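Residue-level structural notes
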Amino acid sequence: MQTTNDHIVRSFTDDLNDLSAKIGKMGGQAEAILVDSTQALIKRDADLGLQAIEADRRVDALDAEVEAAVVRILALRQPMAIDLRVIISALKIAQALERIADHSKNNAKRALVINRAPPMELVKSIVRLSEVAQNMLHGILGAYANNDADTAIHIRDRDEDLDLLYEGYFRECLTYMMEDSRSITSCTHLLFIAKNIERIGDHCTNIAENVYYAVTGDRLGSARPKADPLSAEQ
Amino acid sequence: MADGERFNMEAAEAKVLVRDVNVFYGEKQALFDIDLDIGRNQVTSLIGPSGCGKSTFLRCMNRMNDVIDGCRVEGSIKVDGDEVLDAGIDPVQLRRRVGMVFQKPNPFPKSIYDNVAYGPRIHGLVSSQDDLDELVQTSLERAALWEEVKDRLHQPGTGLSGGQQQRLCIARAVAVRPDVILMDEPCSALDPIATARVEELIEELKKAYSIVIVTHSMQQAARVSQRTAFFHLGVLVEVGVTEQIFTAPRDERTQGYITGRFG
Ligand SMILES: Nc1ncnc2c1ncn2[C@@H]1O[C@H](COP(=O)(O)OP(=O)(O)OP(=O)(O)O)[C@@H](O)[C@H]1O
Ligand SMILES: [Mg+2]
């Protein structure tokens, strides 16, 4: 998130820039983990999976750094208006990124298990889900970097596509399991993977709402249509 | 700012209606076309950079500008419908209804008791010594000072600490049962504990009075007030619900000021 470089106390601007840089770094790492965990599954590449699992620890560490920085800034600067919104949003965005990395790590672990079973056609459809999530994440990180509220709205609307894809995938898996009960173990893992990706989309939506709030000071209404009764838990 | 927002207070909620107020010190204009509602049983805070006209505005409401040579006030200020700026109005009576607490505590060089009793006496608010004693006590209680001074009521008010003196001045303001209390940076000379006491007191006082407070502390404005008005170069730039002003101000100048940016 860019901050105008005109605080009378210059170190305050530095604090905000550091915070923004940390979020940017976390975002980049969360993206890499999402990509690697998907590739670990598609390419049956255990090294990529282990790499994703390892990288998640760095995201956790960054999340802790963001939290410490936010607490420190709140205590020392007592921020107001846009500064306050940017700082509170940073805390929430960091939490969402931590969750995204965590879901991806979980997917990497499941990939390691699935990869020990014979290859399945069903694995490939995960790519489409993951790509939508990757695009959402990439897009929202760009919107965050550029204070772009309009893009944030678009990204949030994309979550619906992901929900529909997930619902389709859910049915596909069910059909598969009914036809071949030996596939149940792998299919169950795939279902969790798909569900995790769908949750990643929700976290991207969450980030989008925070970017929008930080930039504009207004809350996006929660009137986004929910197409999928299967994921209607919220 | 949308004009609608400035006027959107329900008539019953507004204690003071300020319309089109312009103030001049000689040739120099200090306030420009000020329109503002002061809510009943609410705290309104006035914020803005030094010299923007906050004290000038506060003084308009109880005609304290009258005593300043060359100061001219135009426009309309109504307290419960009564025009404050009418030439015919008695400033002494007005200042009973619209009390003021200044930045620097300014107790009279009299006893603690007499500081509080002075106003009720000259305004003839009580008829017996017992009533006066009671009024002094309740006023000091309201100002959260009674416990600290009840055993030395006849010692000089100037012998109290700064924070105690400020609460004494608040007790003095409250003693004449005003409708509106104006406070000009009442905590600027106080430590955090005394400041917290005064803020707690403001919270308490707003049940019975309408309060306008000038403060340079954004945090204080955010803590104590329901509405906040931002002044800049003699202009009322933005007024709104305090939470909105401090989380999402509409005007760039407000944002610049409260976030500590160059204007
Ligand atoms: N008695 C006076 N004679 C002439 N000009 C005055 C007088 N009092 C105030 N002014 C001018 O009017 C403008 C507003 O002053 P005012 O004291 O109302 O500002 P303020 O917002 O209360 O500032 P501060 O935060 O420093 O108390 C300033 O430009 C000031 O110089
Ligand atoms: Mg002043």
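Above this note sits the structure.
Notes on the structure in this doc start here. (Residues numbered from 1 in each chain as written. Chains lettered and ligands numbered in written order. Predicted model: local features only at pLDDT ≥ 70, side-chain atom pairs only at ≥ 80, totals over all residues. Heavy atoms only, no water.)

1. Overview of a negative patch on the surface
A cluster of like negative charges, contributed by B:Asp130, B:Asp131, B:Asp133 and B:Glu134, occupies part of the molecular surface. Looking at the secondary structure, you find B:Asp133 in helix H5 (residues 129-142). (Patch = residues over 30% accessible without salt bridge, like charges linked within 9 Å, V, L, I, M, F, W, Y side chains within 5 Å. Areas by Shrake-Rupley, 256 points an atom, 1.4 Å probe, with all protein chains shown as cover. Salt bridge = Lys/Arg side-chain N within 4 Å of Asp/Glu carboxyl O. Lys, Arg positive; Asp, Glu negative; His and termini not counted. Charge placed at Lys NZ, Arg CZ, Asp CG, Glu CD. Helix = DSSP H or I, 4+ residues; strand = E, 2+ residues; numbered from the N terminus.)

2. Observations regarding the site of ligand 1
Residues and elements named next belong to chain B. Around ligand 1 lies a shell of 15 residues, among which Ser50, Gly51, Lys54, Ser55 and Thr56 are the nearest. With respect to ligand 1, the side chain of Lys54 contributes an N or O atom lying 2.7 Å from an oxygen atom. When isolated, ligand 1 has an accessible area of 640 Å², and the protein chains bury 65% of it. It is helix H2 (residues 54-61) that provides the largest number of residues to the shell around ligand 1, a total of four residues. Of the residues in the shell around ligand 1, the class split is five nonpolar, six polar and four charged. (Near = heavy atom within 4 Å. Polar contact = N/O pair within 3.5 Å; in protein donor to acceptor, adjacent residues only side chain to side chain. Nonpolar A, V, L, I, M, F, W, Y, C, P; charged D, E, K, R; others polar.)

3. Observations concerning the packing of H5(B) against helix H7 (residues 162-175) of chain B
All names here are of chain B. With their axes 8 Å apart at the nearest point, H5 and H7 run at an angle of 125 degrees to one another. The pairing of H5 with H7 is recorded here as oblique in orientation. Handedness of the crossing formed by H5 with H7: right-handed. Residues Leu135, Ser139, Leu140 and Arg142 of H5 form the contact with H7, whose participating residues are Leu168, Ala171, Val174 and Ala175. Residue composition of the contact of H5 with H7, by class: six nonpolar, one polar and one charged. (Axes fitted to C-alpha atoms, helices over the stretch in contact; angles between N-to-C directions. Parallel < 35°, antiparallel > 145°, perpendicular 65-115°, else oblique. Left-handed = near helix turned anticlockwise from the far one by under 90°. Contact = heavy atoms within 4.5 Å.)

4. Comments concerning the interface of chain A and chain B
Interface size is often expressed as the accessible area that is lost when the parts come together. Facing 16 residues of chain A, the contacting portion of chain B comprises 14 residues. Summed over both partners, the interface of chain A with chain B comes to about 1200 Å²; 52% of that surface belongs to carbon and sulfur atoms. If you look at where chain A meets chain B, you find three salt bridges. Broken down by class, the residue content of the side of chain A that touches chain B amounts to seven nonpolar, five polar and four charged. (Buried area = accessible area lost by both parts, 1.4 Å probe.)

5. Thoughts on the pairing of strand S4 (residues 71-79) of chain B
Residue and element names in this part refer to chain B. As paired elements, strand S1 (residues 14-25) and S4 share eight bridges and run antiparallel to each other. What sits directly across from Phe24, in S4, is Arg72. Here two bridges tie S4 to strand S5 (residues 82-83), and the two strands are oriented antiparallel to one another. Residue pairing across strands places Val79 opposite Asp82, the latter belonging to S5. Between the end of S4 and the start of S5, which pair antiparallel, lie two residues, with Asp80 showing a positive phi angle near 50 degrees. (Pairing = 2+ DSSP bridges.)

6. A few points about the packing of aromatic side chains
Ring pairs (aromatic) are described by centroid distance and by the angle formed between their planes. If you walk through the whole model with that rule in mind, you get four aromatic pairs over all chains. For the ring pair A:Tyr166 and A:Phe170, a centre distance of 6.2 Å and an interplane angle of 55 degrees mean the geometry is tilted. Of this pair, A:Tyr166 and A:Phe170 both sit in helix H5 (residues 149-179), four residues apart, which is roughly one turn of that helix. What makes A:Tyr166 buried here is its relative accessible area of 6%. The ring of A:Tyr213 is capped by A:Arg219, whose NZ or CZ atom sits 3.7 Å from the centre of that ring. In this arrangement the basic side chain of B:Arg72 is found over the ring face of B:Phe24, its NZ or CZ atom lying 4.2 Å from the centre. (Phe/Tyr/Trp six-rings, centres within 6.5 Å; stacked < 30°, edge-to-face > 60°. Buried < 20%, exposed > 50% of the residue type's maximum accessible area, 1.4 Å probe, protein only. Lys NZ or Arg CZ within 6 Å of the ring centre and 35° of its normal.)

7. A short note on the pairing of strand S9 (residues 227-232) of chain B
Residues and elements named next belong to chain B. Taking burial as the measure, the six residues of S9 include five buried ones, the bulk of the element. Bridge count between strand S3 (residues 43-47) and S9: four bridges; the pairing is parallel. Looking at the pairing, Ile47 lines up with Phe230 of S9. In this sheet, strand S10 (residues 235-241) lies alongside S9 in antiparallel orientation, the contact comprising six bridges. Residue pairing across strands places Thr228 opposite Gly240, the latter belonging to S10.

8. Regarding the nonpolar core
Counting residues in hydrophobic clusters, the biggest one holds 69 residues, and the most contacted among them are A:Leu97, A:Ile126, A:Leu137, A:Ile140 and A:Leu190. At the level of secondary structure, the elements contributing two or more residues to this core comprise helix H1 (10-42), helix H2 (46-77), helix H3 (81-114), helix H4 (125-145), H5 and helix H6 (184-216) of chain A. In this structure, A:Leu190 is in contact with A:Leu41, A:Ile114, A:Met120, A:Leu122, A:Val123, A:Ile126, A:Tyr169 and A:Cys173, ignoring residues within four places of it in sequence. Core analysis: the next-biggest nonpolar cluster, separate from the first, contains 34 residues, B:Ile112, B:Val136, B:Val149 and B:Leu190 among them. (Core = buried A, V, L, I, M, F, W, Y, C linked by side-chain atoms within 4.5 Å.)

9. A closer look at the pattern of salt bridges
All names here are of chain A. Enumeration according to the criterion identifies 31 salt bridges over all chains in this entry. The residue Arg171 makes a salt bridge to Glu167 at a minimum N-O spacing of 2.5 Å. Of this pair, Arg171 and Glu167 both sit in helix H5, separated by four residues, roughly a single helical turn. Here Glu167 falls in the buried class, since its relative accessible area comes to 12%.

Without other data, these values stay purely geometric and don't point to any function.
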